[in-house]
Amino acid sequence: MASKIQFLGTGGGRINMIQQLRATAGIYAELMGAKIYIDPGPGALIKSRAQKIPLPKLDAILLSHCHIDHTNDAAALIEAMTHGTRKKRGILAGSVSALEGPDKPVSSYHQGFVSKSLTLRPDEEFSIGKLKITTTPTEHTDKTGIGFIFHAENTISYLSDTNYTKKIAKNHIGSGIIILNCLYLKWDDSKADTYSQKHMDVEDTKKFVKDINPELAIIQHFGMGIIKHGPWKVAQEIQEETGVKTIAARDNQVFDIGGKKGKTGNLKVWGEKK
Ligand SMILES: [Zn+2]
């Protein structure tokens with residue numbers, strides 16, 4: 001069964017989001033036959049249309065936490081997944097902050113159109129068809145934020161927005177492919193405000209890659225500093241220091257996930273320079 005991951009947007013953060021230097025549309029994946037959309041930030045609907053993503057066939061929308069660069073287009077995608085709200089179908093699964101509570105970004109009105117709304121906490125397990133997914137903890141300003149591990153032909157970890165901690169890294173050991181939201185070039189405590197805290201910078205990202213030691217690390221969710229510096233330079237630096245193959249994802253890039261579990265031997269990266 002062919003499985004693939006497409007990065008519809010590889011940008012994150014506030015300044016990049018409002019400028020859209022890198023799109024903030026999130027990730028589309030087909031894994032073990034399940035069609036899922038992860039963290040649809042601003043632009044997800046438009047980018048999906050441009051990339052011919054089969055939104056009416058979506059099986060699930062996953063929200064790792066409530067921040068706008070991860071959830072803004074969720075309601076629009078629910079309308080697409082439910083054929084203009086005419087057909088009750090699909091799963092909406094997300095953190096407590098995304099689905100419950102007074103500031104939830106997806107209204108009860110929209111949650112009412114899907115066939116199942118799943119509120120998730122760390123260390124839980126659920127399935128979308130044949131695809132098993134486990135949730136992992138994060139350390140982020142959204143305290144109920146979660147990461148995901150997808151148990152497809154290969155095991156794929158999406159850590160979401162989080163600080164580095166050894167404990168969080170431990171959850172992802174054994175994953176063949178890890179997706180890291182590397183937002184900052186270098187975290188500067190003196191510029192800290194409540195939003196900026198608890199994201200990965202390049203040093204944090206290296207620590208995660210070293211601890212988890214996957215076959216492939218994909219970095220994305222870049223803020224302005226990294227975009228200006230050149231994400232590919234960051235990937236090269238991480239690869240040289242950790243010895244792990246590291247790719248800075250580009251907008252619309254597709255990764256074909258093949259091969260046996262835990263092996264990236266058949267991995268094809270469309271558009272990657274030889
Ligand atoms: Zn966030």
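What counts, and at which threshold
Residues numbered from 1 in each chain as written. Predicted model: local features only at pLDDT ≥ 70, side-chain atom pairs only at ≥ 80, totals over all residues. Heavy atoms only, no water. Helix = DSSP H or I, 4+ residues; strand = E, 2+ residues; numbered from the N terminus. Rg over C-alpha atoms; globule rule 2.2 N^0.38 Å. Buried < 20%, exposed > 50% of the residue type's maximum accessible area, 1.4 Å probe, protein only. Contact = heavy atoms within 4.5 Å. Areas by Shrake-Rupley, 256 points an atom, 1.4 Å probe, with all protein chains shown as cover. Lys, Arg positive; Asp, Glu negative; His and termini not counted. Charge placed at Lys NZ, Arg CZ, Asp CG, Glu CD. Phe/Tyr/Trp six-rings, centres within 6.5 Å; stacked < 30°, edge-to-face > 60°. Donors = N, O, S within 2.8 Å, 3.2 Å for Na, K, Ca; no water. Tetrahedral: all angles 85-135°; square planar, octahedral: opposite > 155°, others 65-115°. Core = buried A, V, L, I, M, F, W, Y, C linked by side-chain atoms within 4.5 Å. Pairing = 2+ DSSP bridges. 1 Å grid on protein atoms, 1.4 Å probe; cavity = no way out; pocket = protein on both sides within 12 Å on 5 of 7 lines; lining within 4 Å. Points joined across faces, edges and corners; volume = space filled by probe spheres on them. Nonpolar A, V, L, I, M, F, W, Y, C, P; charged D, E, K, R; others polar. Salt bridge = Lys/Arg side-chain N within 4 Å of Asp/Glu carboxyl O.

Visitor: Requested: an account of the overall build of the protein, with residues and values cited.
Guide: A tally of regular secondary structure across the protein gives 10 helices and 16 strands. Radius of gyration (C-alpha) of the protein: 17 Å, near the 19 Å computed for a compact globule of 274 residues. Dimensions along the principal axes, computed over C-alpha positions, put the protein at roughly 50 × 45 × 35 Å. When the 274 residues of the protein are sorted by exposure, 57% land in the buried category. When contacts within the protein are restricted to residue pairs at least 6 apart in sequence, long-range pairs at least 24 apart make up 63% of them. Of the roughly 11,800 Å² that the protein leaves accessible, carbon and sulfur atoms contribute 52%. A gap of 6 Å separates the mean positions of the 37 positive and 29 negative side-chain charges of the protein.

Visitor: Describe the packing of aromatic side chains, with residues and values.
Guide: Applying the stated rule across the entire model yields five aromatic pairs. Here the aromatic rings of Phe 7 and Phe 255 are separated by 5.5 Å at their centres, their planes lie at 75 degrees, and the arrangement is edge-to-face. Here the residue Phe 7 occupies a position in strand β1 (residues 3-7), and Phe 255 occupies one in strand β15 (residues 254-257), the gap between them amounting to 248 residues. Like Phe 255, Phe 7 is buried. Ring centres of Tyr 28 and Tyr 37 lie 6.5 Å apart, and the angle between their planes is 55 degrees; on these two criteria the pair is classed as tilted.

Visitor: Lay out the coordination of the zinc ion in plain terms, naming residues and giving numbers.
Guide: Within the first shell, the zinc ion binds the protein through His 65 (NE2), His 67 (ND1), His 140 (NE2) and Asp 161 (OD), at distances of 2.2 to 2.5 Å. Note that the zinc ion binds four donor atoms; their angles at the metal cover 91 to 170 degrees, and the shape is irregular. Along the chain, the residues donating to the zinc ion fall in the pattern H-x1-H-x72-H-x20-D. Of this pair, His 67 sits in the loop between β4 (60-63) and α3 (68-71) while His 140 sits in the loop between β8 (131-137) and β9 (146-151); the two residues are 73 residues apart in sequence, bridging distant segments of the chain. Neither His 67 nor His 140 differs from the other in exposure class; each is buried.

Visitor: Could you give me a rundown of the nonpolar core, with the residues and numbers involved?
Guide: Counting residues in each nonpolar core, the largest one holds 31 residues, and the members touching the most others are Ile 36, Leu 62 and Phe 150. With 22 residues, the next largest nonpolar core counts Ile 178, Phe 222, Ala 235 and Ala 248 among its residues.

Visitor: Tell me about the environment of Met 224, residues and numbers included.
Guide: With respect to the helices and strands, Met 224 occurs in helix α9 (residues 224-229). Taking relative accessible area as the criterion, Met 224 reaches 18% and is therefore assigned buried. Put simply, Met 224 and Ala 169 are 55 residues apart on the chain and 25 Å apart in space, counted from C-alpha to C-alpha. Setting aside residues up to four positions removed in sequence, Met 224 forms contacts with Ile 15, Asn 16, Gln 19 and Leu 21.

Visitor: Tell me about unusual backbone geometry, and name the residues and values.
Guide: At Met 32, a position not held by glycine, the phi torsion is positive, near 50 degrees. Structurally, Met 32 can be placed in the loop between β2 (27-31) and β3 (34-38). Of note, the phi angle at Ser 160 is positive, near 60 degrees, even though the residue is not glycine. Positionally, Ser 160 belongs in the loop between β10 (155-158) and α7 (166-171).

Visitor: Let's hear about the pairing of β1: which residues, and what values?
Guide: Burial analysis of β1 places four of its five residues in the buried class, the great majority of the element. Alignment of β1 against β15, held across four bridges, turns out to be antiparallel. Counterpart to Gln 6 in the pairing with β15 is Val 254.

Visitor: Describe empty space enclosed by the protein, naming the residues involved and giving the relevant values.
Guide: To locate leftover empty space, one rolls a probe as large as a water molecule over the atoms. All told, the structure shown has two cavities of 30 Å³ or more when counted by the stated rule. Surrounding the largest cavity, Gly 9, Thr 10, Gly 11, Thr 24, Gly 26, Ile 27, Asp 39, Asp 69, His 70, Tyr 158, Gln 220 and His 221 form its lining. Its residues placed into classes, the lining of the largest cavity shows two nonpolar, eight polar and two charged. The element contributing the most residues to the lining of the second largest cavity is β2, with three residues. Here the lining of the second largest cavity is built from residues that sort into eight nonpolar, no polar and no charged.

Visitor: With reference to specific residues and values, describe the pattern of salt bridges.
Guide: For the structure shown, the criterion picks out five salt bridges. In this structure, Glu 203 and Lys 206 form a salt bridge, with 3.0 Å as the shortest nitrogen-oxygen distance. Of this pair, Glu 203 and Lys 206 both sit in helix α8 (residues 202-212), separated by three residues, roughly a single helical turn. For Glu 241, the salt bridge goes to Lys 206, with nearest N and O atoms at 3.1 Å. Remark: Lys 206 occurs in helix α8 and Glu 241 occurs in helix α10 (residues 231-242); sequence separation between them is 35 residues. For Glu 241, a relative accessible area of 42% puts it in the partly exposed group.

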